[in-house]
Amino acid sequence: MDPKASIWIIQSLLILVLLYLAYIDWRTFRLPNAITFPLIILGIAFNAFSDLRFTSPSSAFVGAFLGYGLLWALNTGYRLLKNRDGIGMGDAKLLAALGACLGWSALPSILLMASLTGILGGIIWLKLRRHHLQEAFPFGPFLAIAGIIELLWPQLIQTLILPKLI
């Protein structure tokens with residue numbers, strides 16, 4: 001099979017999984033371990049054993065570790081300040097999966113895009129919910145959207161957007 005066709009199939013499958021996770025999180029405020037854990041393992045294994053890898057095996061492993069660790073640390077700090085969770089650990093596992101698939105260098109772009117789209121989504125959410133600030137808000141869909149953008153257009157922020165802002 002043509003390598004470009006194989007990459008396209010793999011990207012399409014990853015996009016479908018990310019869209020499914022976004023849908024589940026939007027509807028249930030949960031990202032199931034039954035999907036996120038295998039995605040982390042498959043991302044590391046794909047990059048370790050496939051010639052079609054998206055990143056180096058070490059970058060995939062570090063990406064999984066940092067993806068989870070960053071959001072875990074953020075949530076731990078928030079919990080110490082507010083005595084409640086600020087972000088779900090499903091989001092941390094999803095970011096770990098994205099790090100495992102795309103490598104650690106994709107994480108800053110993914111987090112920036114997810115945060116910016118999440119802010120816009122949050123404003124719309126508040127308008128629709130009549131400004132109930134204590135209600136939970138799903139972040140997974142925005143991580144999934146950012147992951148898809150990074151998958152299809154790697155380093156978009158660094159190559160196209162950031163130079164125009166500086």
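Up top is the structure these notes are about.
Residue numbers restart at each chain and count upward from 1, following the sequence in its written direction. Per-residue local features of the predicted model are confined to residues with pLDDT of at least 70, and side-chain atom pairs are confined, for both listing and counting, to 80 or more; whole-chain, interface and lining totals are unaffected and use all residues. Side-chain figures throughout are based on the complete set of non-hydrogen atoms in the structure, without hydrogens or water.

Visitor: Could you give an account of helix H4 (residues 89–102), naming the residues involved and the relevant values?
Guide: The end-to-end C-alpha distance of H4 is 20 Å, a good match for the 20 Å that 14 residues give at a rise of 1.5 Å each. For H4, the tally of buried residues reaches 13 of 14 residues, placing the bulk of the element in the interior. Only DSSP runs of H or I reaching four residues or more are called helices, and only runs of E reaching two or more are called strands; each is numbered from the N terminus. Downstream of H4 by one or two residues, Gly-103 has phi in the positive range, about 95°. Expected helix span is taken as 1.5 Å per residue step, with the number of steps being one fewer than the number of residues. The buried label goes to any residue with under 20% of its type's maximum accessible area, the exposed label to any with over 50%, and the partly exposed label to all in between, with areas taken from a 1.4 Å probe on protein chains only.

Visitor: Tell me about helix H3 (residues 57–82), and please be specific about residues and values.
Guide: Between the first and last C-alpha of H3 there are 37 Å, a value that for 26 residues agrees with the 38 Å anticipated at 1.5 Å per step. Of the residues making up H3, those classed as buried are Ser-59, Ala-60, Gly-63, Ala-64, Gly-67, Leu-71, Asn-75 and Thr-76. Looking at the buried positions of H3, the neighbouring elements they touch are helix H2 (33–49), H4, helix H5 (107–128) and helix H6 (140–152). Just past H3, the residue Asn-83 takes up positive phi, approximately 65°. Working rule for contacts: check all heavy atoms of both residues, and any pair within 4.5 Å makes them a contact.

Visitor: Which residues make up the nonpolar core, and what are the values?
Guide: Put simply, a nonpolar core is a bunch of buried Ala, Val, Leu, Ile, Met, Phe, Trp, Tyr and Cys residues held in one set by side-chain atoms that sit within 4.5 Å of each other. Core analysis: the largest hydrophobic core is formed by 32 residues, its most contacted members being Leu-18, Leu-94, Ile-110 and Leu-143. Sort the elements by how many residues they give to this core and H4 lands first, with 9 residues. Aside from chain neighbours lying at most four places away, what touches Leu-143 is Leu-71, Asp-91, Leu-94, Leu-95, Leu-98, Ile-110, Leu-111 and Ala-114.

Visitor: Explain the pattern of salt bridges residue by residue, including any values.
Guide: Any Lys or Arg side-chain nitrogen located within 4 Å of an Asp or Glu carboxyl oxygen qualifies as a salt bridge. Using the criterion set out here, one finds 1 salt bridge in the structure. Across the salt bridge formed by Arg-79 and Asp-85, the nearest N and O atoms sit 2.8 Å from each other. The partly exposed category is assigned to Asp-85, whose relative accessible area is 49%.

Visitor: Just give me the short version of a nonpolar patch on the surface, but keep the residues and values in it.
Guide: Note that patches include only residues with greater than 30% relative accessible area and no salt bridge, and the join distances are 9 Å for like charges and 5 Å for nonpolar side chains (Val, Leu, Ile, Met, Phe, Trp, Tyr). We get accessible surface area from the Shrake-Rupley algorithm with a probe of 1.4 Å; when it comes to residues, only the shown protein chains can shield them. A cluster of nonpolar side chains, contributed by Met-1, Trp-8, Ile-9, Leu-13, Leu-16 and Leu-19, occupies part of the molecular surface with about 700 Å² of accessible area. Along the chain, Ile-9 falls in helix H1 (residues 3–28).

Visitor: Lay out the side chain of Ser-59 with the relevant residues and their values.
Guide: Along the chain, Ser-59 falls in helix H3. A polar contact of 3.0 Å, which involves the side chain of Ser-59, links it to the side chain of Thr-55. Among all residues touching Ser-59, those that are not within four sequence positions of it are Gly-99, Gly-103, Trp-104 and Ser-105. The definition of a polar contact used here is a pair of N or O atoms within 3.5 Å, where within protein one atom must be able to donate a hydrogen and the other to accept one, and adjacent residues in sequence count solely through side-chain atom pairs.

Visitor: I'd love a proper account of the packing of aromatic side chains, names of residues and values included.
Guide: Side-chain rings of Phe, Tyr and Trp, where Trp is taken by its six-membered ring, are said to pair if the distance between their centres is within 6.5 Å; with planes under 30 degrees apart they count as stacked, over 60 as edge-to-face, and otherwise as tilted. Following the criterion strictly, the structure yields 4 aromatic pairs and no others. Ring centres of Trp-26 and Phe-142 lie 6.4 Å apart, and the angle between their planes is 75°; on these two criteria the pair is classed as edge-to-face. One end of the pair, Trp-26, is in helix H1; the other, Phe-142, is in helix H6, with 116 residues separating them in the sequence. We classify Phe-142 as buried; its relative accessible area is 8%. The interplanar angle of 20° and the centroid separation of 5.6 Å between the aromatic rings of Phe-137 and Phe-142 together place this pair among those described as stacked. With relative accessibility at 28%, the residue Phe-137 sits in the partly exposed group.

Visitor: Quick rundown of the packing of H2 against H4? Include the residues and the values.
Guide: What counts as an axis is a line fitted to C-alpha atoms, over the stretch in contact for a helix, and the angles between N-to-C directions run from 0 to 180 degrees. Two elements in contact, H2 and H4, have axes separated by 7 Å at closest approach and are oriented at 20°. Relative to H4, H2 is oriented roughly parallel. Handedness of the crossing formed by H2 with H4: left-handed. Contacts from Asn-33, Thr-36, Phe-37, Leu-39, Ile-40, Gly-43, Ile-44 and Asn-47 of H2 reach H4 at Lys-93, Leu-94, Ala-96, Ala-97, Ala-100 and Cys-101. Split by residue class, the contact of H2 with H4 holds 9 nonpolar, 4 polar and 1 charged. Each angle receives one of four descriptions, namely roughly parallel if under 35 degrees, roughly antiparallel if over 145, roughly perpendicular if within 65 to 115, and oblique otherwise. By convention, the crossing between two helices is left-handed when the near helix turns anticlockwise from the far helix through less than a right angle, and right-handed when the turn is clockwise. Residues are grouped as follows: Ala, Val, Leu, Ile, Met, Phe, Trp, Tyr, Cys and Pro are nonpolar; Asp, Glu, Lys and Arg are charged; all remaining types, including Gly, are polar.

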